[in-house]
Amino acid sequence: MKNKISILYAVLVIAFASSCQRMLDEEIRSQVSNNHLSTPEGFEDGVKAAYSTLRTFHANEMGMTMTVFGTDTYTMGSDGAYKFVNEYTSQFDPRTGFVRDLWNNLYIGINACNTVIDRADRVEGLAEEVKIIRTAEARFLRAYYYFTLVQQFGPVHLATAETTEVTTEASRAPVPDIYAVIVDDLRTAIAQLPATTPDYGRATKPAAEHLLARVLLTRATSEAAEDTDYTEAAALAEQVITGYQFRLLDNFADVFVQGSGERNDEVIWAVQYTRNAITNGANSDADGTGNAAHRYFLMEYDVLPGMNRNVRDGQPWKRFMPTMYTLGYLFADRENDTRYRKSFVDVYLCTNPGTYTVDGKEVTYELGDTAVWLPGYELDPEVRAAKDFMVIEPSDYTQKLYPTLTKFLDPERPDMNYEFGSRDFLAFRLAETCLIAAEAFMYAGDPAKAAEYLNRVRGRAAYDGLDEAEDARRRAAMMVDPGDLSLDLILEERGRELLGEQLRWYDLVRTHTLVERVRAHNPDGGDNIRDFHVRRPIPQDQIDRTAGGAEAFPQNPGYN
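Let us look at the structure shown here.

Our focus in this paragraph is the pairing of strand β13 (residues 425–429). Each regular strand carries side chains that alternate between the two faces of the sheet. With 5 of 5 residues buried, β13 is to be regarded as a mostly interior element. Sheet topology note: the strand β6 (residues 267–271)/β13 ladder contains 3 bridges and is antiparallel. Its bridge partner being in β13, Trp269 is matched across the sheet by Phe428.

Here you go:
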């Protein structure tokens with residue numbers, strides 16, 4: 001078993017007067033000193049602190065709200081305090097807590113990276129090879145953090161040197177300047193990172209190549225676009241696909257099997273979580289609450305006949321509800337494409353035995369009996385009437401009753417109320433690399449290559465593993481000809497394959513389709529969304545703490 005890079009969730013003193021605690025061999029350190037940072041051990045602690053920011057927006061409510069909500073694939077369930085992000089109302093303003101926290105946490109991470117990069121040459125006793133690799137990791141992370149910022153906010157403050165004291169000087173750098181830093185950092189990381197690492201979770205060369213491919217695909221549609229962006233993005237994605245030992249798993253569902261599925265041949269890079277509460281970011285005031293995504297995509301199953309809340313079926317927080325576009329259009333083909341069945345819960349087994357009235361009939365459930373069925377389509381009335389359990393058809397869907405996404409469920413939590421999930425978050429996986437390649441090759445003028453990589457993902461989606469001839473028939477039916485390629489086709493495929501994986505808002509902004517797709521497919525956000533919503537509001541406290549205020553650090557249009 002590979003070793004995980006050990007991270008405790010708090011951040012070093014190096015970042016904006018924030019303090020840090022870290023975990024190393026069960027020893028807690030706090031208020032890490034400059035002298036400690038100058039030692040090899042302290043330098044390693046600084047690198048780990050730079051990684052810790054990943055948990056502040058991956059697989060928690062803030063990160064999911066800022067990337068899943070307000071798109072064409074997900075709208076709001078019945079619960080949660082941030083529905084206005086999905087609704088695009090005036091309540092989504094510069095004082096929104098998630099906006100402030102995302103901004104501040106990313107800059108803490110950036111300053112941790114800057115500190116590692118700036119201090120590396122001053123650390124005595126650190127092997128040169130280790131220094132090169134660790135600074136390359138910091139460049140990878142800094143690029144990732146700035147890429148997140150520029151996608152969310154547009155022009156942002158650009159700092160590439162360590163901040164050691166409080167400053168009120170800040171300005172918004174042009175988008176091309178930000179992308180220049182991101183691309184330069186990733187080119188350096190690609191040149192200096194190893195292809196593999198014994199410390200699972202550290203950045204690697206293929207992870208940097210995947211990220212740069214994603215960055216260039218995004219830059220190509222921005223004001224910073226360069227003529228070679230699509231060509232280079234295609235080449236980088238193809239290098240990741242063909243140059244290493246990664247492969248698409250035969251079965252889409254296996255990618256998300258907890259435990260063994262978290263480290264599989266499809267995963268290029270993952271944000272790590274753990275079952276140890278001390279090292280899982282369980283202090284919400286510091287950096288998060290473990291992998292909490294297991295709570296947000298669930299319907300309210302626990303009040304239905306024969307059911308109560310349990311570890312297997314999860315904590316039904318009802319934050320994110322799939323749109324009818326997702327359920328009725330993206331996953332319309334359920335004969336050839338197995339991903340609907342493998343992405344959503346369709347059956348709930350009884351956990352609360354007893355006698356209940358269901359659809360006007362008295363029904364007795366034993367433990368493990370089918371209690372609830374979501375067929376995903378409308379049944380003939382006589383078929384439904386014959387069922388001795390609750391049936392929830394699409395016409396029955398509400399903000400409390402809808403198909404639950406299975407990707408993040410965490411049945412290995414110790415009890416049903418335990419919040420701090422332990423799953424790794426699969427940030428980069430090969431299916432996305434193939435879809436990046438398909439889009440980049442399409443725009444680079446090579447539709448044959450584009451169709452090849454798109455069909456790899458679609459072909460895998462046909463796999464059922466029960467009958468080889470039937471799987472082959474399905475695969476053939478799923479194939480796309482080069483002449484059929486379009487942006488809509490690729491966006492639809494990304495919607496099916498990457499549903500809920502914190503990419504959709506970026507995809508729609510990148511392709512300049514956010515406003516039209518939300519209007520067409522999101523019933524709660526469509527009436528309110530405007531063109532300016534492709535950028536988030538700059539946090540008001542950032543403007544207030546900047547010398548010169550709004551004149552020096554102007555707000556994004558539409559949020560004044």
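So, next bit.
Moving on, we get to the sheet that holds strand β11 (residues 370–373). Sheets are built from strands that pair by backbone hydrogen bonding, the pairs being arranged parallel or antiparallel. On the basis of which strands lie adjacent, the open sheet formed by 3 strands has the order β8-β11-β12 and mixed pairing. Edge positions in the sheet fall to β8 (347–349) and β12 (390–391), since each has one partner strand and no second.

Two numbers describe how helix α8 (residues 205–219) lies on helix α9 (residues 229–242): the axes approach to 8 Å, and their chain directions differ by 155 degrees. Of the possible angle classes, the one that applies to α8 and α9 is roughly antiparallel. Our pair here, α8 against α9, has a crossing hand that is left-handed. Taking contact as the criterion, the partners of Pro206, Glu209, His210, Leu212, Ala213, Leu216, Leu217 and Arg219 in α8 are, on α9, Asp229, Tyr230, Glu232, Ala233, Leu236, Ala237, Gln239 and Val240. Residue composition of the contact of α8 with α9, grouped by class: 10 nonpolar, 2 polar and 4 charged.

As a further point, take the nonpolar core. Of all hydrophobic cores here, the largest spans 151 residues; its most connected members are Phe140, Ile182, Trp269, Met299 and Val372. For this core, the element with the highest residue contribution is helix α6 (residues 128–153), accounting for 13 residues. In contact with Trp269, not counting residues within four places along its chain, are Leu54, Phe140, Leu141, Tyr144, Gly201, Arg202, Ala203, Ala207, Leu426, Ala427 and Phe428. If you look at the next biggest cluster of nonpolar residues, it comprises 11 residues, including Val509, Leu514, Val518 and Ile529.

With that settled, consider α8. Taking 1.5 Å of rise per residue, the 15 residues of α8 would be expected to cover 21 Å, and the 21 Å separating its terminal C-alpha atoms lies within 8% of that figure. Extensive coverage of α8 is indicated by the burial of 14 of its 15 residues.

Let's shift gears to unusual backbone geometry. We note that Lys318 has phi near 55 degrees; this positive angle belongs to a residue other than glycine. Its identity is not glycine, yet His512 carries a phi of approximately 55 degrees, on the positive side. Mapped onto the secondary structure, His512 falls in the loop between α17 (504–510) and α18 (514–521). A relative accessible area of 57% places His512 in the exposed class.

Right, let's get into the side chain of Glu262. Counting through the fold element by element, Glu262 comes out in the loop between α9 and β6. Nearest to the buried, unbridged Glu262 among oppositely charged side chains is Arg423, at 5.1 Å. At 2.7 Å, the side chain of Glu262 forms a polar contact with the backbone nitrogen of Asp424. The contact partners of Glu262, leaving out residues within four places of it in the chain, are Tyr200, Val257, Val267, Ser422, Arg423, Asp424 and Leu426.

Scoring rules and cut-offs
- Residues numbered from 1 in each chain as written.
- Predicted model: local features only at pLDDT ≥ 70, side-chain atom pairs only at ≥ 80, totals over all residues.
- Heavy atoms only, no water.
- Buried < 20%, exposed > 50% of the residue type's maximum accessible area, 1.4 Å probe, protein only.
- Helix = DSSP H or I, 4+ residues; strand = E, 2+ residues; numbered from the N terminus.
- Pairing = 2+ DSSP bridges.
- Axes fitted to C-alpha atoms, helices over the stretch in contact; angles between N-to-C directions.
- Parallel < 35°, antiparallel > 145°, perpendicular 65-115°, else oblique.
- Left-handed = near helix turned anticlockwise from the far one by under 90°.
- Contact = heavy atoms within 4.5 Å.
- Nonpolar A, V, L, I, M, F, W, Y, C, P; charged D, E, K, R; others polar.
- Core = buried A, V, L, I, M, F, W, Y, C linked by side-chain atoms within 4.5 Å.
- Expected span 1.5 Å × (residues − 1).
- Lys, Arg positive; Asp, Glu negative; His and termini not counted.
- Salt bridge = Lys/Arg side-chain N within 4 Å of Asp/Glu carboxyl O.
- Polar contact = N/O pair within 3.5 Å; in protein donor to acceptor, adjacent residues only side chain to side chain.

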